[in-house]
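Observations on the model geometry
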Protein chains: 2
Amino acid sequence: MKNDYLKELGHLGMIARLKRLSDNMLYSIRDVYRIKNIDIEPNWHFVFLILKDHKTRTMSEMAEAFQLSQPAVVKIINKMKKRGYIDIVQDGHDNRKRQLRLSKKAVDLLPMFETIWSAGQLSIRQMLQDNEQFLAELESLEQQLQHKSFNERILTNLKCQEK
Amino acid sequence: MKNDYLKELGHLGMIARLKRLSDNMLYSIRDVYRIKNIDIEPNWHFVFLILKDHKTRTMSEMAEAFQLSQPAVVKIINKMKKRGYIDIVQDGHDNRKRQLRLSKKAVDLLPMFETIWSAGQLSIRQMLQDNEQFLAELESLEQQLQHKSFNERILTNLKCQEK
DNA sequence: TATATTTACTTAACTAGTTAAGTATTTAAA
DNA sequence: TTTAAATACTTAACTAGTTAAGTAAATATA
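Keep in mind that what you see is a predicted model, and the values were worked out from it rather than measured. Every residue gets a number counted from 1 within its own chain, in the order that chain's sequence is written. Written order determines the labels here, with chains lettered from A and ligands numbered from 1. For this predicted model, a pLDDT threshold of at least 70 governs which residues receive local features, and a threshold of 80 or more governs which side-chain atom pairs are given and counted, while totals over whole chains, interfaces and linings are taken from all residues. Side-chain numbers come from the whole structure's heavy atoms, not from hydrogens or water.

A short note on the interface of chain A and chain B
How we decide: By definition, residues are in contact when any of their heavy atoms lie within 4.5 Å. Two parts lose some accessible area (1.4 Å probe) when they are put together, and adding that loss for both gives the buried area. Only one rule defines a salt bridge in this text: a Lys or Arg side-chain nitrogen within 4 Å of an Asp or Glu carboxyl oxygen. By the criterion applied in these results, polar contacts are pairs of N or O atoms within 3.5 Å in which, for protein atoms, one can donate a hydrogen and the other can accept it, and in which residues neighboring in sequence qualify only through two side-chain atoms. The helix and strand labels rest on DSSP assignments: H or I over at least four residues marks a helix, E over at least two residues marks a strand, and numbering proceeds from the N terminus.
Counting residues at the interface gives 76 residues for chain A and 76 residues for chain B. The junction of chain A with chain B conceals about 8100 Å² of combined surface from both sides, 67% of it contributed by carbon and sulfur atoms. Ranking the residues of chain A by area buried against chain B places A:Tyr5, A:His11 and A:Met127 at the top, with a combined share of 10%. On inspection of chain A and its partner chain B, the count reaches 8 salt bridges. Where A:Lys7 meets B:Glu142, a salt bridge forms, and the shortest distance between an N and an O atom there is 3.7 Å. Across the chain A-chain B interface, the total number found is 26 residue pairs in polar contact (both at pLDDT 80 or more). Elements with a minimum of two residues in the side of chain A that touches chain B: helix H1 (5-8), helix H2 (14-35), helix H3 (44-54), helix H4 (59-66), helix H6 (104-127), helix H7 (134-147) and helix H8 (150-162) of chain A.

So this is what it looks like as structure tokens:
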């Protein structure tokens, strides 16, 4: 293990370390798909699983469920459609909406994909075995930021410092 | 708080939640800089601080210290140079190397920047007050992945499942 | 019923990272 | 001492997200 300046920075390095960690794991997943010759990309599993649970969902429902921006969802869905995993049906009642659902190809391949995802899930569980609270603490951070955004927190602390 | 499908996914949603969290905080920092009319970008503070500590550093030394790829460092440094925060001096002993150091402008503005960074640091400490182990657990994950990469872990678990 | 506002989705332009491949210099080896 | 390999940096092409602005349809209002 080489020197890690971000660790030396303590709390100030946390944000970048979180990004580094999630990037690292994301690229690993991409590698696994490549090695196993699976033609999907990381993060698509959210879409597969939510459409497995709910049959159909619109773009904005997904954006809300994942707490991602709508353009982010549009990009993911367009790629998945291009590779034949998603069928898009115009909503009969509201012509603005587009109902998304899994294609036959997606439904057929889903069980195979799920073996990969559960191996990934197991890997994470194994790494967390001694510190199962990590997810709870992650949730605590999410909730606190939901309640008061990080920039508000910084600005508040800046005002206090000025005094 | 709306439904959060990533939370429902448990361990499988962790990677994306880590990204979402670090993105959220990063955008907040950008907002703070904009509000305070500060002409720097998030993550530049690593560079300011490492060059404050060590006077000069090369591109590759930085890449190693931050555990980022060299192209990532090159991009950051080029932007910082363009805005006048970094001076680049060709190394006398090795013509491949470029020694980076803070410009006068950077040194002059540094104390002001540091008030912002310490407000940010304080904000993180405040959010973590009840779960100070979060950083330790983050470090544990980093170390485990250093020891055995996430894709190796997934492939190992896949093999076990097959049996 | 015509107009204004909201909602659903899309597009464009941006940030922040990656890998792969290219150039130039230095070091090691035959 | 010439050649091969490694190192330092750069460039190109890609992924994954953002915000801001645009279009079309639905809803609310005067």
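Text resumes after the structure shown.
Points about the domain arrangement of chain A
To keep it simple, the criterion reads: Start and end points for every domain follow an automatic or database-based domain assignment.
Segmenting chain A into domains produces domain 1 (1-37) and domain 2 (41-114). Of note, the centres of domain 1 of chain A and domain 2 of chain A, computed from C-alpha atoms alone, are 27 Å apart.

Here's the deal with the pattern of salt bridges
We apply this condition: Partly exposed describes any residue whose relative accessible area lies between the buried limit of under 20% and the exposed limit of over 50%, with all areas from a 1.4 Å probe on protein chains only and scaled to the type maximum.
Tallied over the full model, the rule gives 28 salt bridges over all chains. The closest approach of N and O atoms between B:Arg17 and A:Glu142, which form a salt bridge, is 2.9 Å. Note that B:Arg17 is positioned in helix H2 (residues 14-35) and A:Glu142 in helix H7, a pairing that runs across two chains. Comparing B:Arg17 with A:Glu142, the two get one shared label, buried. The structure contains a network of salt bridges with shared partners spanning A:Asp4, A:Lys7, A:Arg17, A:Arg20, B:Glu139 and B:Glu142.

Here's the deal with the nonpolar core
Under the convention used in this document: For this analysis, a nonpolar core means a set of buried residues of the types Ala, Val, Leu, Ile, Met, Phe, Trp, Tyr and Cys, connected via side-chain atoms within 4.5 Å.
Core analysis: the biggest nonpolar cluster contains 106 residues, and A:Met14, A:Phe48, A:Trp117, B:Met14, B:Phe48, B:Ile86 and B:Trp117 have the highest contact counts within it. Look past the residues within four positions of A:Trp117 in its chain and what remains in contact with it is A:Tyr33, A:Ile40, A:His45, A:Phe48, A:Leu49, A:Leu110 and B:Leu12.

A word on unusual backbone geometry
All names here are of chain A. Positive phi values are uncommon outside glycine, yet Asn43 reaches one of about 85°. Topologically, Asn43 is positioned in the loop between H2 and H3. A positive phi angle is found at Gln67, which is not glycine, with a value near 50°. Relative to the elements of secondary structure, Gln67 occurs in the loop between H4 and helix H5 (70-82).

Some remarks on the relation of the copies chain A and chain B
Rules: All copies are superposed by least squares; the fitting set is the C-alpha atoms of residues with a pLDDT of at least 70 in both.
Taken as rigid bodies, chain A and chain B are interconverted by a rotation of 180° and an axial shift of 0.0 Å, the fit giving an RMSD of 0.0 Å. Here the copies are linked by what is in effect a two-fold axis. An overlap of 100% is found between the interface residues of chain A and their copies at the interface of chain B, pointing to a shared contact surface.

Quick word on helix H7 (residues 134-147) of chain B
Selection criterion: Expected helix span is computed as 1.5 Å times (number of residues minus one). Of all possible arcs, the one meant is that of the directions from the helix axis to the C-beta atoms.
Under the 1.5 Å per step criterion, the end-to-end length of H7(B) is 20 Å for 14 residues, consistent within 8% with the ideal 20 Å. All of the buried residues in H7(B) are B:Phe134, B:Leu135, B:Glu137, B:Leu138, B:Leu141, B:Glu142 and B:Leu145. The arc that holds every buried residue of H7(B), seen down its axis, measures 165°, which confines them to one face. Along its buried surface, H7(B) packs onto H1, H2, H6 and H7 of chain A together with H2 and helix H8 (150-162) of chain B.

Re the environment of B:Phe46
Here B:Phe46 is to be found in helix H3 (residues 44-54). Along the chain, B:Phe46 and B:Phe66 lie 20 residues apart, while their C-alpha atoms are 8.0 Å from each other. If we ignore the near neighbours within four places in the chain, the residues touching B:Phe46 are A:Tyr5, A:Leu6, A:Leu9, A:Leu12, A:Ala16 and B:Phe66.

Some details on the protein's contact with DNA strand D
What counts is decided by this rule: Residues are counted as near a molecule or strand when any one of their heavy atoms sits within 4 Å of it. Residue polarity follows a fixed list, in which Ala, Val, Leu, Ile, Met, Phe, Trp, Tyr, Cys and Pro are nonpolar, Asp, Glu, Lys and Arg are charged, and the others, Gly among them, are polar.
What surrounds DNA strand D is a group of 28 residues, the closest being A:Glu41, A:Ser69, B:Ser60, B:Gln70 and B:Arg98. In DNA strand D, the atoms that sit within 4 Å of the protein are 72% sugar and phosphate, with bases accounting for the remainder. In this structure, A:Ser69 approaches DNA strand D through a side-chain N or O atom, which is 2.3 Å from a phosphate oxygen. Mapped by element, the contributors of at least two residues to the surface near DNA strand D are H2 and H5 of chain A together with H2, helix H4 (59-66) and helix H5 (70-82) of chain B. Of all the elements, H5(A) adds the most residues to the surface near DNA strand D, at 5 residues. A breakdown of the residues in the surface near DNA strand D according to their chemical character gives 10 nonpolar, 7 polar and 11 charged.

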